[in-house]
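# Tertiary structure, described
Residue strings, one per chain:
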Amino acid sequence: MEKIRPVSDLVDYPSTPWRYLYWLTRSQAGRVARGTVLGTAWMVMLPVPPLMLAFAVDDGLRRGSMGRVVLWAVLILVTGIAIAAVAILRHRTMTRIRTEAALQTIDAAIAQSVRLGASLTKRTTAGEVVAVGVGDAWIIGRSLTITGPGVGAVLGYAVIAVLLMRISVVLALIIVVGLPILLLALGPLLGRVRIRVSDYRDAQELLSTRMVDIVSGLRVLDSLGGKSLFGERFVGESLTVERTGTRLARSESLVQAIAIGLPALFLASVVWIAAHLSAEGALTVGDLVAVYGYLIVAVVPISSFIESAKDLNQALVAAGRVVDFLGHSPDQRGRVTPTDTAFVLEDPESNLRVKSGEFAVVAGGDRGAISAAIDRLGGVVASDATWNGRRLMEFDRHALRSRVVVLDDDAFLFQGSAREVVSSGRTVDRARLDAVASASGFDEVLRGLTGGWDAEILSRGANLSGGQCQRLRLAQALALEPEVLIALDPLSAVDAITEAQVAQRVRESRRGSTSVIATTSIAVLGLADIVHFVEGSRVVASGSHVDLMRQESRYRRLVSRDSGDDSSDAAAYEVRA
């Protein structure tokens, strides 16, 4: 099998639609060459049966030689079989070319999504990524048909013109001049179709983005309401797609009508002229039969020209979208590898400071501000956050991620067995899996699943509750054994008793490592080595949970509110303590 360099190995992606299509063609040059040879051979062979039929008429029937007729009939049969065989090989090759080109575009989109990382959502929308992978990739792949039958159509049409030249110079000139006129007539219409395709693509992207938003937030919409509002927006955007699709269909139908009608009139006029020449004695009966056969065959290259032009037109729009997506640059990272065993992680923007080995908790009322601080401290987004005074942006992305794991409560859960999901595709022994399951509380979930570690987890954890998904994500993070674990409210969806048990187990399992947990749960706050109290977007106080409860009335109100405890004064807290 021909080896093709994967797009994910590229550093610089093609920068224009034409260059991108050229790169796809060049990346499978051997296969494209085979497709070109087979497509050309097929097109060139198509006029041969009409030529043989002319010889059968003039050399056999007119002379009354049945032997010659049978000979030409056998030759026509053999040629037909050869044409069919070449057609099968051509179709197989072109199918592989189209599929490979589409898959390479999908690979490029996946590689670029991974490359952009957390900056992906700042650069583009989910709908754009979906549209590139689902629609654009296959439109681009289909356009590579031009490398086979498209190239062959040129030579096939030239062969027909040469064969007609043998019969009549007038007929040959009509064929040679007629095709450019036909293509020129279609040119303006193809330009309009290209504009319509772009409009339709924009509407599809917007609708895909809306659909992704609705599906990903369906649980929230069910509990808080708002489904009707989003539903109305979805209906409105669906109607926009319908309208732009209708306009596109009108333009394409006009192109199709002209593409079918004009060649039919063109070929009919040639047949009419040939019939008159035959009636005048300028053409033999065999020549007339050959002319008719050639013109029937000429429909194939003419159709290939038109289809190739239309496919290329749409592919340039799709390739433009792909190139735009591939042109996005991620946040710039350095190549330094962090080697310090003792370190201090610091986010100057929020004044959040965490020492190695600490079990630190970040508490505050503004979840958005805390989430942003967590992302900066974990090096997920570009910032001035530091590791021992050196900006995280200077570190190699993979080296940093091997030491610092940020647990995202919205992280996508892929389908697979519980073992595969927790181990994230790595080899993790059973003892370690059992340990992380116990520490994360996922062992309780396993006991409720048929098959234990072999139980199937559906995509997005569809067969699990919100709390079970949280414990599964926590188990994934613990299985990575990160030196630094940063998590935003990882147990918010579980009951208080389970939360307290899991928090204690995580605390014990992470002893000696660094953990940063953002939460206002007393069950976790009481276990912290240090609590950082955030108000607004900055840390305003740090200390133990007990000290902050005694000294910070704002912290006390926050914790009492979230715990459901109405007692808020320091004396009441001291009595309970």
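Quantities reported herein were computed from a predicted structural model and do not represent experimental measurements.

### A few points about the pattern of salt bridges
Evaluation of the coordinates by the stated rule reveals 19 salt bridges. Taking the shortest distance from any N to any O, the salt bridge between Arg554 and Glu552 comes out at 3.2 Å. Relative accessible area serves as the criterion here: at 16%, Glu552 is assigned to the buried category. Each of the salt bridges in this network shares a partner with another, and the network as a whole consists of Asp347, Glu349 and Arg376.

### Regarding the sheet that holds strand S4 (residues 386-387)
With respect to topology, 4 strands assemble into an open sheet ordered S2-S1-S4-S5, the strand pairing being antiparallel. This sheet does not close on itself; its edge strands, each paired only once, are strand S2 (352-355) and strand S5 (390-391). Against the sheet, helix H12 (residues 367-377) engages strand S1 (344-347) and S2, with an angle of about 135 degrees to S1.

### Points about a nonpolar patch on the surface
Taken together, the side chains of Met66, Val70, Val74 and Val78 present a nonpolar region at the surface, about 370 Å² in accessible area. Tracing the chain through its elements places Val74 in helix H4 (residues 66-116).

### A few points about the packing of helix H2 (residues 29-45) against H4
Axis separation between H2 and H4 bottoms out at 9 Å; the angle between their running directions is 150 degrees. Here the hand of the crossing between H2 and H4 comes out left-handed. Here Arg31, Val32, Arg34, Gly35, Leu38, Gly39, Ala41, Trp42 and Met45 of H2 come into contact with H4, specifically with Thr79, Ala82, Ile83, Val86, Ala87, Leu89, Arg90, Thr93, Met94, Arg96, Ile97 and Glu100. Grouping the constituent residues of the contact of H2 with H4 by class yields 12 nonpolar, 4 polar and 5 charged.

### A look at the environment of Arg90
Relative to the helices and strands, Arg90 is located in helix H4. Distance from Arg90 to Thr40, taken between C-alpha atoms, is 9.4 Å for residues 50 residues apart in sequence. With sequence-adjacent residues up to four places away left out, Arg90 is seen in contact with Leu38, Gly39, Trp42 and Pro149.

### Description of the packing of aromatic side chains
Summed over all chains, the structure comprises 5 aromatic pairs. Each residue in the set Phe343, Trp387 and Phe395 is aromatic and connected to the rest through ring pairs, giving one cluster.

### Some remarks on the domain arrangement of the protein chain
Here the protein chain is described as being made up of domain 1 (13-167 + 306-330), domain 2 (169-282) and domain 3 (344-563). Once you take the C-alpha centre of each, domain 1 and domain 3 turn out to be 52 Å apart.

The rules behind the values
- Residues numbered from 1 in each chain as written.
- Predicted model: local features only at pLDDT ≥ 70, side-chain atom pairs only at ≥ 80, totals over all residues.
- Heavy atoms only, no water.
- Salt bridge = Lys/Arg side-chain N within 4 Å of Asp/Glu carboxyl O.
- Buried < 20%, exposed > 50% of the residue type's maximum accessible area, 1.4 Å probe, protein only.
- Pairing = 2+ DSSP bridges.
- Helix = DSSP H or I, 4+ residues; strand = E, 2+ residues; numbered from the N terminus.
- Contact = heavy atoms within 4.5 Å.
- Axes fitted to C-alpha atoms, helices over the stretch in contact; angles between N-to-C directions.
- Patch = residues over 30% accessible without salt bridge, like charges linked within 9 Å, V, L, I, M, F, W, Y side chains within 5 Å.
- Areas by Shrake-Rupley, 256 points an atom, 1.4 Å probe, with all protein chains shown as cover.
- Left-handed = near helix turned anticlockwise from the far one by under 90°.
- Nonpolar A, V, L, I, M, F, W, Y, C, P; charged D, E, K, R; others polar.
- Phe/Tyr/Trp six-rings, centres within 6.5 Å; stacked < 30°, edge-to-face > 60°.
- Domains from an automatic or database assignment.

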